[in-house]
Amino acid sequence: KQEVTQIPAALSVPEGENLVLNCSFTDSAIYNLQWFRQDPGKGLTSLLLIQSSQREQTSGRLNASLDKSSGRSTLYIAASQPGDSATYLCAVRIQGAQKLVFGQGTRLTINP
Amino acid sequence: DTGVSQDPRHKITKRGQNVTFRCDPISEHNRLYWYRQTLGQGPEFLTYFQNEAQLEKSRLLSDRFSAERPKGSFSTLEIQRTEQGDSAMYLCASTYGFGVDEQFFGPGTRLTVL
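Keep in mind that this is a model prediction, so the values were computed, not measured. (Residues numbered from 1 in each chain as written. Chains lettered and ligands numbered in written order. Predicted model: local features only at pLDDT ≥ 70, side-chain atom pairs only at ≥ 80, totals over all residues. Heavy atoms only, no water.)

## Digging into the overall build of chain B
- Tallying secondary structure elements over chain B gives 0 helices and 11 strands in all.
- Taking 2.2 N^0.38 as the reference for a compact globule, 114 residues should give roughly 13 Å; the C-alpha atoms of chain B span a radius of gyration of 13 Å, in line with that estimate.
- By its C-alpha atoms, chain B is 40 × 25 × 20 Å across when sized along the principal axes.
- Here chain B holds 114 residues, and the buried ones make up 46% of them.
- Expressed as a percentage of contacts within chain B between residues at least 6 apart in sequence, the contacts between residues at least 24 apart total 54%.
- As displayed, chain B offers around 5,800 Å² of accessible surface, 46% of which is attributable to carbon and sulfur atoms. (Helix = DSSP H or I, 4+ residues; strand = E, 2+ residues; numbered from the N terminus. Rg over C-alpha atoms; globule rule 2.2 N^0.38 Å. Buried < 20%, exposed > 50% of the residue type's maximum accessible area, 1.4 Å probe, protein only. Contact = heavy atoms within 4.5 Å. Areas by Shrake-Rupley, 256 points an atom, 1.4 Å probe, with all protein chains shown as cover.)

## Focus on the environment of A:Arg61
All names here are of chain A.
- With respect to the helices and strands, the residue Arg-61 is situated in the loop between β6 (56-59) and β7 (62-67).
- Counting along the chain gives 15 residues from Arg-61 to Tyr-76, while the straight-line C-alpha distance between them is 8.0 Å.
- When residues no more than four places from it in sequence are discounted, the contact partners of Arg-61 are Tyr-76, Ile-77, Ala-78, Ala-79, Ser-80, Gln-81 and Asp-84.

## Overview of the interface of chain A and chain B
- Opposite the 20 residues of chain A that make contact, chain B presents 21 residues.
- Summing both sides of the interface, chain A and chain B together bury roughly 1,600 Å²; the carbon and sulfur share of this comes to 49%.
- Where chain A touches chain B, the interface holds 1 salt bridge.
- Along the contact surface separating chain A from chain B lie 9 residue pairs in polar contact (both at pLDDT 80 or more).
- For the side of chain A that touches chain B, the secondary structure elements donating two or more residues are β4 (30-38), β5 (44-51), β9 (86-94) and β10 (100-102) of chain A.
- Residues belonging to the side of chain A that touches chain B are distributed by class as follows: 7 nonpolar, 10 polar and 3 charged. (Buried area = accessible area lost by both parts, 1.4 Å probe. Salt bridge = Lys/Arg side-chain N within 4 Å of Asp/Glu carboxyl O. Polar contact = N/O pair within 3.5 Å; in protein donor to acceptor, adjacent residues only side chain to side chain. Nonpolar A, V, L, I, M, F, W, Y, C, P; charged D, E, K, R; others polar.)

## Description of the packing of aromatic side chains
- Counted according to the given criterion, the structure contains 9 aromatic pairs over all chains.
- Ring geometry for B:Tyr33 against B:Tyr35: centres 6.4 Å apart, planes inclined by 25°, an arrangement best described as stacked. In this structure, B:Tyr33 and B:Tyr35 share a single accessibility class: buried.
- Between B:Tyr35 and B:Phe105 the ring centres are 5.4 Å apart and the planes differ by 45°, which places this aromatic pair in the tilted class. Of this pair, B:Tyr35 sits in strand β4 (residues 31-37) while B:Phe105 sits in strand β10 (residues 104-105); the two residues are 70 residues apart in sequence, bridging distant segments of the chain.
- Among the aromatic residues, those joined into a cluster by ring pairs are A:Phe36, A:Phe102, B:Tyr33, B:Tyr35, B:Phe45, B:Tyr48 and B:Phe105.
- Over the ring of A:Tyr31 we find A:Arg93, and its NZ or CZ is 4.2 Å from the ring centre.
- We note B:Arg22 situated over the ring of B:Phe74; from NZ or CZ to the ring centre the distance is 3.9 Å. (Phe/Tyr/Trp six-rings, centres within 6.5 Å; stacked < 30°, edge-to-face > 60°. Lys NZ or Arg CZ within 6 Å of the ring centre and 35° of its normal.)

Laid out in structure tokens, this is it:
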């Protein structure tokens, strides 16, 4: 059974810092991995998707990496802003399956 | 195209009542998914459709839950005889079903069972 873990559960940093969010998964046979952002009481916004054959994806100030063999992904946020405050969720899609398996998320607070 | 939409956004009901939620996927998306999210947790998969066919159901989907996708367009999720433990955010997502296959989520329906 695929399990996804995100550490830390919460993170608070001052504005302007670069930061890294971590995601680990137990089964390396994945099809892809997605990072999402969720604002309080809202739905999920897809940030980045990494295919199993890729090592990283970049979008603006965000960079996500994938190391399948070690079962890890990181989301790097450069020059953090108060508007980046949200919960960040990673989710993996197992090979041969359609559903996403989610971690519990990291609640990020950027202090002005 | 405005993305995945869900209706209603909020629903408050009394225990024992039936509720129905609707999801309209992004047009031309073949696959539609339902997830449930409780406070402080990541979403958990409930079920998914390929066009009008329901291809997988989670064990979380008890016999009080039923989902349909008539004509392969919008989908409905019905909960019969609601219980307080059903209180959660119900999220819908859709994908093309091929290629990159990125899942796009709707705003969710927040259910509160009193």
